[in-house]
Amino acid sequence: MELFINQVLAGIATGAIYACMALAVVMIYQAIDHLNFAQGEMAMFSTFIAWQLMQWGVPYWWAFLLTLVFSFAGGIAIERLLFKPLAKAPVLTNVAGFIALFAIVNSVAGLTWDFTIKQFPTPFGSSPFLGSQLISTHQAGMIGVTLGLLILLYLFFQFTRIGLAMRAAAALPESARLVGINTSWMIALGWGMAAAIGAIAGILIAPVVFLEPNMMGGVLIYGFAAAVLGGLSSPLGAVVGGFLVGVFENLVGTYIPGVGNELKLPIALALIITVLVLKPAGLFGRPIVKRV
Amino acid sequence: MSAADEVANEARPVEATPKRAMTLGIGASLVMLALLIIGPMFVKNFIVFQLTMLLIYALAVLALNILTGGSGQFSLGQSAFYAVGAYTSAILIEHFGVNYALTLPVAGIICFAFGYLFGQPALRLSGIYLALATFALAVAMPQLLKLGVFEHWTGGVQGLVVTKPDAPFGLPISQDRWLYYFTLVVAIGIYIASVNLLKSRSGRAFMAIRDNEIAASAMGVDVALYKTLAFGISAGITGVAGGLGAIAVQFVAPDSYTITLAIALFLGMVVGGVGWLPGSIVGSAFIIFVPNIAEEVSKGLSGAVFGVLLFLVIFLVPHGARQVAMVAQGMLGKLRKG
């Protein structure tokens, strides 16, 4: 039983990271109807920026804030420069664009900071949380930050004018434009926020998986699985999906014999396919209806 | 106008290619063919090997082109079919001593079945969802190949070594050249078959589905059948390419068939021009030679160079090689008149 509780808690902690990645994926999906295959690489790049700032002696939380600002600006810049011109292009061209972005970011990060594995500090420490042996303070911190982020986003989308405008631009772009919302900039804002959320995920997971250019590969796939499970059109779904996927991953790895680390990835993928086939709209998503 | 309508109307997976624009004129085809036949006679064995790989990847890109350019379905998972084809050939040659030429049809049939079956759940997905599902397949494949259960057949992580065939009938040419011409014959056969397929009733059904699925089904096209059929045919051709690849490289291992291969094939199709079959060879050349060139420009930055080139293609020539060929054709026409 202790093992079970332990695995569930550990699952919730990694699930928090998947939830952040899924949230970032959903932000961009809401804005432009495409999955950002380069989301993980963008997050990795942000994490390297944070690391670099800390190497220069900037205190942790300042580095954290500066990285968020930088990522936000970077996300907007990428949208303006590269993906705004592709808005009317077919899905295929966009996927190719995301792959190109993936290759560029990965290669530039590798060249700037090389491919050796780096330690990344955690502000929460790694002692047992509240005297319990089950979960470390860093894991508790990951969960706490993710929940805080979710609450902030909820407040932003529900109670601010600009949040309302972003929701309108995502739901009904034509009508939103008619009532004077600058939908194009709302998309850019979505990109900026997604990049910043991705940066948070990267900074939180880096102490666990260590910092290197390919660190986000697996995390992104779990993020996709979480986003699909929760329904790609629902931020709340993305977070719930993230936690569920994290717990599922850990329990399957513990209790089903023969599923070691090497099969964890195929399991995430089997999950994606199963959800897509059985319930394409996910748990919280709104089904896509085609009008004939 | 709701968001749902936009999904149905605006966000098309691929741009439609008119049927006549899918092939090359007779003159250009003959010139290309002559180049492919004569070229390898005068170069070193290593370059012959690279040209063989060029043809093999061109086949794989062609297969993806039939699926995406023809029937409008996505796949980021072609490396999985390629891997199955390669392993089928390798296992048949090494464990059962089957002649290498005979393993190719088997690889094709097995991959056709695999693709057809995968096409069943994929029926319910479209656009970006299908890209995600096939992406999942490609990422999972190397790990499945490493599984202990199959280790007796697949050789596990170490993979299998395949012996290279000699030229038959005592022909006085090197193994590499023989394999090149063998591949060329297979490639030409498949190319002609593909062109004819797209001209046939089935091909028209594919394109009808690509252009408007609902209209196609209203016209009596069996959408489910033709979509899975497109997946099967594409997987089958990719499987033959994979089998040839295994024979040419003389080695199969799980890590040769990662998502990187699937992405490369996808990029090859985009660069060659979606839906333009002759573009497959241009796309294949791009994915084989450009990484080498990028590596020479700057070591370590090859990914960045590759990505930047890709963005240039997307922005400047969004229809890839097809667009370049059309422009060239237009200019030639003007020269003749003037």
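All of these numbers come straight from a predicted model, not from anything done at the bench.

Colleague: What's the story with the overall build of chain B in this structure? I'm lost.
Modeller: The helix and strand inventory of chain B stands at 15 helices and 2 strands. Taking 20 Å as the expected radius of gyration for a compact globule of 338 residues, we find that chain B reaches 20 Å, a close match to that expectation. On the principal axes, the C-alpha backbone points of chain B span a range of 65 × 60 × 45 Å. For chain B, the residues scored as buried account for 51% of the 338 residues in total. Sequence-distant contacts in chain B: of pairs separated by 6 or more residues, those separated by 24 or more amount to 78%.

Colleague: Mind showing me how you'd approach the overall build of chain A here?
Modeller: When helices and strands are tallied, chain A shows 11 helices and 0 strands. Put simply, chain A runs from its N terminus to its C terminus through helices and strands in the order α-α-α-α-α-α-α-α-α-α-α. Residue burial in chain A is summarised as follows: out of 292 residues, 51% are buried. Within chain A, counting contacts between residues at least 6 apart in sequence, those at least 24 apart form 73% of the total.

Colleague: Explanation requested: the nonpolar core in the structure shown.
Modeller: For soluble globular proteins, the rule of thumb is that nonpolar side chains tend to be buried together. Within the largest apolar cluster, 210 residues are counted, with the highest numbers of intra-cluster contacts made by A:Ala225, A:Ile272 and B:Leu59. The element contributing the most residues to this core is helix α1 (residues 2-32) of chain A, with 18 residues. Setting aside residues up to four positions removed in sequence, B:Leu59 forms contacts with B:Ala187, B:Ile190, B:Ile237, B:Val240 and B:Ala241.

Colleague: How should I be thinking about the environment of B:Pro254 in this particular structure?
Modeller: Residue and element names in this part refer to chain B. Mapped onto the fold, Pro254 is located in the loop between β2 (251-252) and α12 (259-272). When the C-alpha atoms of Pro254 and Met141 are compared, they prove to be 7.8 Å apart, with 113 residues separating the residues in sequence. Pro254 has contacts with Pro142, Leu145, Lys146, Val157 and Gly159, leaving out every residue within four places of it along the chain.

Colleague: Would you explain unusual backbone geometry in this entry?
Modeller: Across residues other than glycine, the phi torsion is negative in most instances, and most of the peptide bonds are trans. If you check the backbone angles, A:Phe210 has positive phi at about 70° while not being a glycine. Following the sequence through the fold, A:Phe210 ends up in the loop between α8 (183-209) and α9 (217-230). Residue class for A:Phe210 comes out partly exposed when judged on the 13 C-beta atoms lying within 10 Å of it. Even without being glycine, B:Gln250 reaches a positive phi, approximately 65°. Tracing the sequence through the fold places B:Gln250 in the loop between α11 (223-249) and β2. Residue classification places B:Gln250 among the partly exposed positions, given that 14 C-beta atoms sit within 10 Å.

Colleague: Before we go on, may I ask you to explain the packing of α12(B) against helix α13 (residues 279-297) of chain B in this structure?
Modeller: Working note: a packed helix pair is described by the angle between its axes plus the distance between those axes. All names here are of chain B. At their nearest, the axes of α12 and α13 sit 7 Å apart, and the two run at 130° to each other. As summarised for this structure, α12 and α13 are arranged oblique, according to the angle between their axes. In this structure, α12 meets α13 at a crossing whose hand is right-handed. Contacts between α12 and α13 involve Ala264, Leu267, Gly268, Met269, Val271 and Gly272 on the former and, on the latter, Gly279, Ser280, Val282, Gly283, Ser284, Phe286 and Ile287. For the contact of α12 with α13, the residue count by class is 7 nonpolar, 6 polar and no charged.

Colleague: Looking at this structure, I do not really get the packing of helix α11 (residues 264-278) of chain A against helix α6 (residues 127-145) of chain B. What am I missing?
Modeller: Contact geometry of α11(A) with α6(B) gives a least axis separation of 9 Å together with a crossing angle of 150°. Overall, the two elements α11(A) and α6(B) adopt an arrangement that is roughly antiparallel. As for how α11(A) packs across α6(B), the hand of that crossing is left-handed. Between α11(A), through A:Leu265, A:Pro266, A:Leu269, A:Ile272, A:Ile273 and A:Leu276, and α6(B), the contact on the second element is made entirely by B:Tyr129, B:Leu132, B:Ala133, B:Ala136, B:Val139, B:Ala140, B:Gln143 and B:Leu144. Each residue belonging to the contact of α11(A) with α6(B) can be placed in one class, and the counts come to 13 nonpolar, 1 polar and no charged.

Colleague: Is there a simple way to explain α9(A) in this structure?
Modeller: An α-helix turns once per 3.6 residues; consequently, residues spaced three or four apart project the same way. The terminal C-alpha atoms of α9(A), which comprises 14 residues, lie 20 Å apart, in line with the 20 Å expected from a rise of 1.5 Å per residue. Burial within α9(A) is extensive, with 12 of its 14 residues counted as buried. Inspection of α9(A) places A:Val219, A:Leu220, A:Ile221, A:Tyr222, A:Gly223, A:Phe224, A:Ala225, A:Ala226, A:Ala227, A:Val228, A:Leu229 and A:Gly230 among the buried residues, and these make up the whole buried set. In this structure, the buried side of α9(A) is in contact with α1, α2 (39-55), α8, α10 (235-255) and α11 of chain A together with α6 of chain B. Backbone geometry just after α9(A) places A:Gly231 at a positive phi near 95°.

Colleague: Which parts of the structure should I look at to understand the confidence of the model for chain B?
Modeller: Low pLDDT marks regions whose predicted coordinates should not be analysed in detail. Residues of chain B with pLDDT of at least 70 account for 91%, and the chain-wide mean is 81. When the elements of chain B are averaged for pLDDT, helix α1 (residues 3-9) of chain B gives the smallest value, 40, and α11(B) the largest, 91.

Colleague: Could you clarify how one ought to interpret the confidence of the model for chain A in this entry?
Modeller: Looking at chain A, pLDDT values average 84 and 93% of them are 70 or higher. Averaged pLDDT values over the elements of chain A bottom out at 77 in α11(A) and peak at 92 in helix α3 (residues 60-83) of chain A.

Colleague: Is there a simple way to explain the environment of B:Asn292 in this structure?
Modeller: Residue and element names in this part refer to chain B. Checked against the element boundaries, Asn292 lands in helix α13. Judged by local crowding, Asn292 falls into the exposed class, with 10 C-beta atoms found within 10 Å. For the pair Asn292 and Asp176, spaced 116 residues apart in sequence, the C-alpha to C-alpha distance is 21 Å.

Colleague: What should I look at first to understand the environment of A:Gly75 in this one?
Modeller: Within the secondary structure, A:Gly75 is located in helix α3. Beyond its immediate stretch of four places on either side in the chain, A:Gly75 contacts A:Trp191, A:Gly192, A:Ala194, A:Ala195 and A:Ala196.

What counts and how
Residues numbered from 1 in each chain as written. Chains lettered and ligands numbered in written order. Predicted model: local features only at pLDDT ≥ 70, side-chain atom pairs only at ≥ 80, totals over all residues. Helix = DSSP H or I, 4+ residues; strand = E, 2+ residues; numbered from the N terminus. Rg over C-alpha atoms; globule rule 2.2 N^0.38 Å. Buried ≥ 20, exposed ≤ 12 C-beta atoms within 10 Å, placed from the backbone. Contact = placed C-beta atoms within 7 Å. Core = buried A, V, L, I, M, F, W, Y, C linked by C-beta atoms within 7 Å. Axes fitted to C-alpha atoms, helices over the stretch in contact; angles between N-to-C directions. Parallel < 35°, antiparallel > 145°, perpendicular 65-115°, else oblique. Left-handed = near helix turned anticlockwise from the far one by under 90°. Nonpolar A, V, L, I, M, F, W, Y, C, P; charged D, E, K, R; others polar. Expected span 1.5 Å × (residues − 1). pLDDT = per-residue confidence, 0-100.

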